[in-house]
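Structure assessment
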Amino acid sequence: MSAPFEFIILLGGVLCVLILASFVASTLKKRVGPNDTDPVIENLVARINAWWAMVALLAIAMLFGRAGAVILFWLLSFAAMREFLTLTAKSRADHYALATAFFVVLPVQYYLVWIGWYGLYSIFIPVYAFLFLPIISALRGETENFLTRVSETQWGLMICVFAASHVPALLTLNIPGYEGKSILLIAFLVVVVQGSDVLQYVFGKLFGRHKIAPVLSPSKTWEGFLGGVLSASVLGALLWWMTPFAFWQAFLVSLLVAVMGFFGGLVMSAIKRDKGVKDWGHLIAGHGGFIDRLDSVVFSAPIFFHVVRYFWSTT
Amino acid sequence: MTANSVFANVSASAIVLFARLVTAVRAIWDGVEPVPSKRVYFANHTSNGDFVLIWAVLPPSIRRRTRPVAASDYWLTSKLKTFIGRDVFNAVLIDRNPESREDDPIAQMADALDGGSSLILFPEGTRNIGDDPLLPFKTGLYHLASQRPDVDLVPVWIENLNRVMPKGEILPIPLICTVRFGEALRLEAGEVKDAFLKRSHAALIALKDSGDAA
């Protein structure tokens, strides 16, 4: 159990932001008055409280290094896939295929990340799960909606397990001069992507006028997108000292993951619309479900992983 | 408290915890509040886990006084089932077979209500494994309502549990379930059996539909 010094500084910074946010929220709440309630402010308070819990959980997991990160994201993948597969097409004939997805594919993927077998964890779900799960479903002989059923299950695995597992997989990268610090890559990714989400929310609430995709997500505006993504990129650049990147590289990488995060939210919104739900779940008060909070991270994590691996890593 | 009852309590908590891990079950109180008044919760029945889910979402103080009504011809067939049915869930065990039974099931349920318990009842009488969302009700709910007309009958719709664990499967798949509690009803003065069964059946279907629309 050891954390690089930079991690402690970052955590201190995040805690300062949370204290400030809680202070602003309670001031806003007082201004509304004790007897009235404003749903936007109630939601804001719930969101900030959930952030305290999420930061605590992430920090504890990261203090335990690779084991902590692998176990945390395994659990997050489990919760996310439970939400995803609740909404997808399935029949009784898929029972074994779905059980295999939960109780074989999910743990094996995280085990492969744990032992750092890049050659297998990067193809295990796209190749092996992709080919074998439909076989299990087909053996039961139910053909109705077959392609829809197997496709939606595979999509759930790709998003909730494969993509999400690329966050702890960052710890398997070998970057010269950065030994023992790779946990900071996770911290950097999470802070930039989630920071971008929060900043998009803040810019959108303050200046949002022009909707980007009114059909998909009425809360996403150009002002929120540009303000949030650019300020998150500046935030990422200012965190260059905890990464293997130079200042300008940190800016570009942050821009990339923030934009991917934005589109992750957009794509997952499209799926929610298609399935007729507003949130993926209910377990994170103020935010919705696990996927509502993770959508941006899962879309940016594999891209971030491969960019860092290609340009900075020796493995 | 005997060792057996301590073990039964621990088992009950473990079963509820497991049900929560698998289903992240959520209660929606859509017409009644979770208050400790004497009630008959009547629900759709698709899985052996049905009353575990209702149980899991009831506040613990109410949970302890809420007994499922279950078939003795199923729950008394092995030692493990007997322990779970009788000791863990404290079920009111009724014999569904009119030829073999010694006790009157309605009297057993009425006794349990008189003893201060609420009941969980599955008026379809058997697990529904077909495509029809809700089978026609057996007459038990009517007879109980006519013997104890002052007890609230609360419709409860359990959503998705049939997908978590379809009949005949052993391994549950983790999927999110909801338990929706609707507005209570009672047997009205002069209401005949068929009209009452139709009305309570429709109340449960309406509850399902309001969940599908939300």
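Per chain, the residues get numbers from 1 upward, laid out in the order the sequence is written. In the order they appear in the text, chains get letters beginning with A and ligands get numbers beginning with 1. Residues qualify for local features only when their pLDDT is at least 70, as the model is predicted, and side-chain atom pairs are given and counted only at 80 or more; totals for whole chains, interfaces and linings, by contrast, use all residues. By convention in this description, side-chain values take in all heavy atoms of the structure and omit both hydrogens and water.

The helix count covers DSSP runs of H or I at least four residues long, the strand count covers runs of E at least two residues long, and both are numbered beginning at the N terminus. The number of helices and strands found in chain B is 9 helices and 7 strands. Each of the three principal axes of chain B carries a C-alpha extent, and together these read 50 × 45 × 35 Å. Burial status follows relative accessibility: with a 1.4 Å probe on protein chains alone, a residue under 20% of its type maximum counts as buried, one over 50% as exposed, and anything between as partly exposed. Classification of the 214 residues of chain B by burial places 48% in the buried group. Contacts are residue-level and defined by heavy atoms, with any inter-residue pair within 4.5 Å sufficient. Restricting to contacts in chain B with at least 6 residues of sequence separation, those with at least 24 account for 73%. Using a 1.4 Å probe, the Shrake-Rupley method yields the accessible areas, and only the shown protein chains count as cover for residues. Accessible surface computed for chain B: about 10,200 Å², of which carbon and sulfur atoms make up 55%.

This part is about the interface of chain B and chain A. It is common to give the size of an interface as the accessible area lost on bringing the parts into contact. Taken together, the contact pairs 19 residues of chain B with 17 residues of chain A. By convention, the term buried area covers the 1.4 Å-probe accessible surface removed from two parts as they join, with the contributions of both added. Between chain B and chain A the total buried area reaches about 1,500 Å² when both faces are included, carbon and sulfur atoms providing 66% of it. The largest per-residue losses of area from chain B upon contact with chain A belong to Ile173, Pro174 and Ile176 of chain B, which jointly make up 36% of the total buried on that side. Salt bridge criterion: a side-chain nitrogen from Lys or Arg within 4 Å of a carboxyl oxygen from Asp or Glu. Where chain B meets chain A, there are 2 salt bridges. The salt bridge involving Arg140 of chain A is made with Glu169 of chain B; its shortest N-O contact spans 3.3 Å. As used in this structure description, the phrase polar contact means that two N or O atoms lie within 3.5 Å; if the pair is within protein, one of them must be able to donate a hydrogen and the other to accept it, and residues adjacent in sequence are counted only when both atoms belong to side chains. Here chain B is connected to chain A by 5 residue pairs in polar contact (both at pLDDT 80 or more). Listed by contribution, the elements that provide at least two residues to the side of chain B that touches chain A are helix H1 (3–23) and helix H8 (161–164) of chain B. Counting residues per element, the side of chain B that touches chain A draws most heavily on H1 of chain B, at 4 residues.

Take empty space enclosed by the protein next. All names here are of chain B. For each structure, a 1 Å grid was placed over the protein atoms alone; sets of points admitting a 1.4 Å probe that cannot get out are labelled cavities, open sets with protein on both sides within 12 Å along at least five of seven lines are labelled pockets, and lining residues have an atom within 4 Å of a point. Grid points are joined across faces, edges and corners, and a volume is the space filled by probe spheres set on the points. Under the criterion given, the structure shown has 2 cavities of 30 Å³ or more. The space that makes up the largest cavity amounts to roughly 50 Å³. Around the largest cavity, the lining residues are Val35, Pro36, Ser37, Lys38, Ser61, Ile62, Arg65, Thr66 and Ser118. The computed volume of the second largest cavity comes to approximately 40 Å³.

Turning next to the packing of helix H7 (residues 146–169) of chain A against helix H10 (residues 247–275) of chain A. Residue and element names in this part refer to chain A. Where helices are involved, their axes are fitted lines through C-alpha atoms of the stretch in contact, as for all axes, and angles between N-to-C directions lie from 0 to 180°. The N-to-C vectors of H7 and H10 enclose an angle of 145°; their axes lie 14 Å apart at closest approach. Between H7 and H10 lies a crossing of left-handed hand. Contacts from Glu152, Trp155 and Ile159 in H7 reach Val267, Met268, Ile271 and Lys275 in H10. Gly is put with the polar residues, along with every residue not named as nonpolar or charged; the nonpolar set is Ala, Val, Leu, Ile, Met, Phe, Trp, Tyr, Cys and Pro, and the charged set is Asp, Glu, Lys and Arg. Partitioning the contact of H7 with H10 into residue classes produces 5 nonpolar, no polar and 2 charged. Note: crossing handedness is left-handed where the near helix turns anticlockwise from the far helix by less than a right angle, and right-handed where it turns clockwise.

Another point: unusual backbone geometry. Residue and element names in this part refer to chain B. One non-glycine residue, Asn90, adopts positive backbone phi at about 55°. Take Asn90: it is sitting in the loop between helix H5 (79–88) and strand E4 (92–94). In this model, Asn160 sits at a positive phi of 90°, which is unusual for a non-glycine residue. Position of Asn160 relative to the elements: it lies in the loop between strand E6 (152–159) and H8.

With that settled, the discussion passes to a negative patch on the surface. All names here are of chain B. Together, Glu102, Asp103, Asp104 and Asp111 give the surface a local cluster of negative charge. Mapped onto the elements, Asp103 comes out in the loop between E4 and helix H6 (105–114). For Asp103, a relative accessible area of 48% gives the class partly exposed. Surface patches are defined over residues having more than 30% relative accessible area and no salt bridge, joining like charges when they lie within 9 Å and nonpolar side chains (Val, Leu, Ile, Met, Phe, Trp, Tyr) when within 5 Å. None of His or the chain ends enter the tally, which takes Lys and Arg as positive and Asp and Glu as negative. By convention, the point assigned to a charge is CZ for Arg, NZ for Lys, CD for Glu and CG for Asp.

A few words now on the side chain of Thr172 of chain A. Residue and element names in this part refer to chain A. For Thr172, the position within the fold is in the loop between H7 and helix H8 (183–207). Residue class for Thr172 comes out buried when judged on its relative accessible area of 15%. Aside from chain neighbours lying at most four places away, what touches Thr172 is Arg66, Val113, Gly116, Tyr121, Phe305 and Thr315.

Attention now goes to the domain arrangement of chain A. All names here are of chain A. Here the domain parsing of chain A yields domain 1 (1–63 + 178–315) and domain 2 (67–172). Start and end points for every domain follow an automatic or database-based domain assignment. In this structure, domain 1 and domain 2 have C-alpha centres spaced 25 Å apart. Residue-level contacts link 30 residues of domain 1 with 27 residues of domain 2. Among the residues of domain 1 in contact with domain 2, Ile186, Lys275 and Phe305 are the three that bury the most area, contributing 23% of the side total. Our count for the contact surface shared by domain 1 and domain 2 stands at 1 salt bridge.

Within this scheme, the nonpolar core is defined by two criteria: the residues are buried Ala, Val, Leu, Ile, Met, Phe, Trp, Tyr or Cys, and they are joined through side-chain atoms within 4.5 Å. Judged by nonpolar contacts, the single largest core of 112 residues is most densely connected at Leu157, Phe245 and Phe304 of chain A together with Ile54, Val156 and Phe181 of chain B. The residue makeup of this core includes at least three contributed by each of domain 1 (1–63 + 178–315) and domain 2 (67–172) of chain A. With near-sequence residues (within four places) excluded, Ile54 of chain B lies in contact with Ala43, Ile120, Val156, Ile158, Val179 and Phe181 of chain B. Counting 26 residues, the second largest nonpolar core, distinct from the first, contains Ile94, Phe137, Leu197 and Leu207 of chain B.

The subject of this paragraph is the packing of helix H7 (residues 140–147) of chain B against helix H9 (residues 193–213) of chain B. Residues and elements named next belong to chain B. At their nearest, the axes of H7 and H9 sit 9 Å apart, and the two run at 110° to each other. Put simply, H7 runs roughly perpendicular to H9. On H9, the residues touching Leu141, Tyr142 and Ala145 of H7 are Lys193, Phe196, Leu197 and Ser200. Here the contact of H7 with H9 is composed, by residue class, of 5 nonpolar, 1 polar and 1 charged. Angles are sorted into four bins: roughly parallel if under 35 degrees, roughly antiparallel if over 145, roughly perpendicular if 65 to 115, and oblique for all others.

What follows concerns H5 of chain B. Residues and elements named next belong to chain B. Buried within H5 are the following residues: Phe83, Ile84, Gly85 and Val88. Each element contacted by the buried residues of H5 is listed here: H1, helix H2 (50–57) and helix H4 (72–75). Trailing H5 by a residue or two, Asn90 shows a phi angle of about 55°, which is positive.

A few words on the environment of Tyr41 of chain B. Residues and elements named next belong to chain B. As for its placement among the helices and strands, Tyr41 is situated in strand E2 (residues 39–43). Along the chain, Tyr41 and Trp75 lie 34 residues apart, while their C-alpha atoms are 20 Å from each other. Every residue in contact with Tyr41, bar those within four places of it in the chain, is listed here: Leu58, Ile62, Thr66, Ser118, Leu119, Ile120, Leu121, Val154, Val156 and Phe181.

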